[in-house]
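Overview (structure and organization)
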Amino acid sequence: MPPAEALVFIASKRTTSSRRRVLWRVSVEDAKKICSDRRTAGPSYMLCYSTENIDDPTSFVYVPDNGRHADVLREHQIRIIRDHTTSRPAATRRPR
């Protein structure tokens, strides 16, 4: 069974968006490593993760990673499953 997946998103004091700003899709284990690292939070933001609605694009939008947390990703050997540069798979048509 593949590992459970999560979206790592930016929670910010200054932004009230109706959709979460997602940086990466990773395993839940990797999301916990990222979000518990003290370097992924500042005075006005923090990185959080969610396992809910991760396949619903109306709940989130992928945003570019500015490289601020590259050291965290490298040191924890994070494997990115999807980011803003990953092409989205074609939608599957649901039977009526």
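Preceding block: the structure.
A short tour of the structure in this document, coming up. If you're wondering where the values come from, they're calculated on a predicted model, not measured in any experiment.

Below, the discussion takes up the overall build of the chain. When you go through the chain residue by residue, the secondary structure sums to two helices and four strands. Helices and strands in the chain line up, N terminus first, as β-β-α-β-β-α. Residues counted as buried form 32% of the 96 residues belonging to the chain. Taking contacts inside the chain between residues at least 6 apart in sequence as the whole, the part at least 24 apart equals 63%. Roughly 7000 Å² of accessible area belongs to the chain as shown, and the carbon and sulfur atoms make up 49% of that amount.

Let us now look at the pairing of strand S1 (residues 5-12). Here S1 pairs with strand S2 (residues 20-27) via six bridges, running antiparallel. If you follow isoleucine 10 over to S2, its bridge partner there is arginine 21. Note: S1 against strand S3 (residues 45-50), six bridges, orientation antiparallel. Considered in S3, the bridge of isoleucine 10 is made with leucine 47.

Taken as a whole and assessed by the stated rule, the structure comprises one aromatic pair. Each ring, one from phenylalanine 60 and one from tyrosine 62, has its centre 5.5 Å from the other, and the planes form 85°; the classification is edge-to-face. Of the two residues examined, phenylalanine 60 and tyrosine 62, each falls in the buried class. Between the NZ or CZ atom of arginine 20 and the centre of the ring of phenylalanine 9, over which it lies, the distance is 4.8 Å.

A few words now on the nonpolar core. One broad trend across soluble globular proteins is that nonpolar side chains are buried collectively. If you look at the biggest cluster of nonpolar residues, it comprises twelve residues: Ala6, Val8, Leu23, Trp24, Val26, Val28, Ala31, Ile34, Leu47, Val63, Leu73 and Ile78. Of all hydrophobic cores here, the second largest spans seven residues; its members include Leu7, Val22, Cys48 and Phe60.

One open sheet holds the four strands; their spatial order is S3-S1-S2-S4, and the pairing between them is mixed. On the outer flanks of this sheet lie S3 and strand S4 (60-62), each paired with one strand and no other. Between one strand axis and the next, the sheet turns by 45° as a mean value, whatever way the strands run. Where helix H1 (residues 28-36) meets the sheet, it contacts S1, S2 and S3, and its direction lies at approximately 125° from that of S2.

What follows deals with the environment of cysteine 35. Positionally, cysteine 35 belongs in helix H1. Judged by its relative accessible area of 22%, cysteine 35 falls in the partly exposed class. Taking the C-alpha atoms as reference, cysteine 35 lies 5.6 Å from leucine 47; in sequence the two are twelve residues apart. Beyond its immediate chain neighbours, meaning those up to four positions away, cysteine 35 contacts Val8, Thr40, Leu47, Cys48 and Tyr49.

Calculation criteria
- Residues numbered from 1 in each chain as written.
- Predicted model: local features only at pLDDT ≥ 70, side-chain atom pairs only at ≥ 80, totals over all residues.
- Heavy atoms only, no water.
- Helix = DSSP H or I, 4+ residues; strand = E, 2+ residues; numbered from the N terminus.
- Buried < 20%, exposed > 50% of the residue type's maximum accessible area, 1.4 Å probe, protein only.
- Contact = heavy atoms within 4.5 Å.
- Areas by Shrake-Rupley, 256 points an atom, 1.4 Å probe, with all protein chains shown as cover.
- Pairing = 2+ DSSP bridges.
- Phe/Tyr/Trp six-rings, centres within 6.5 Å; stacked < 30°, edge-to-face > 60°.
- Lys NZ or Arg CZ within 6 Å of the ring centre and 35° of its normal.
- Core = buried A, V, L, I, M, F, W, Y, C linked by side-chain atoms within 4.5 Å.
- Axes fitted to C-alpha atoms, helices over the stretch in contact; angles between N-to-C directions.

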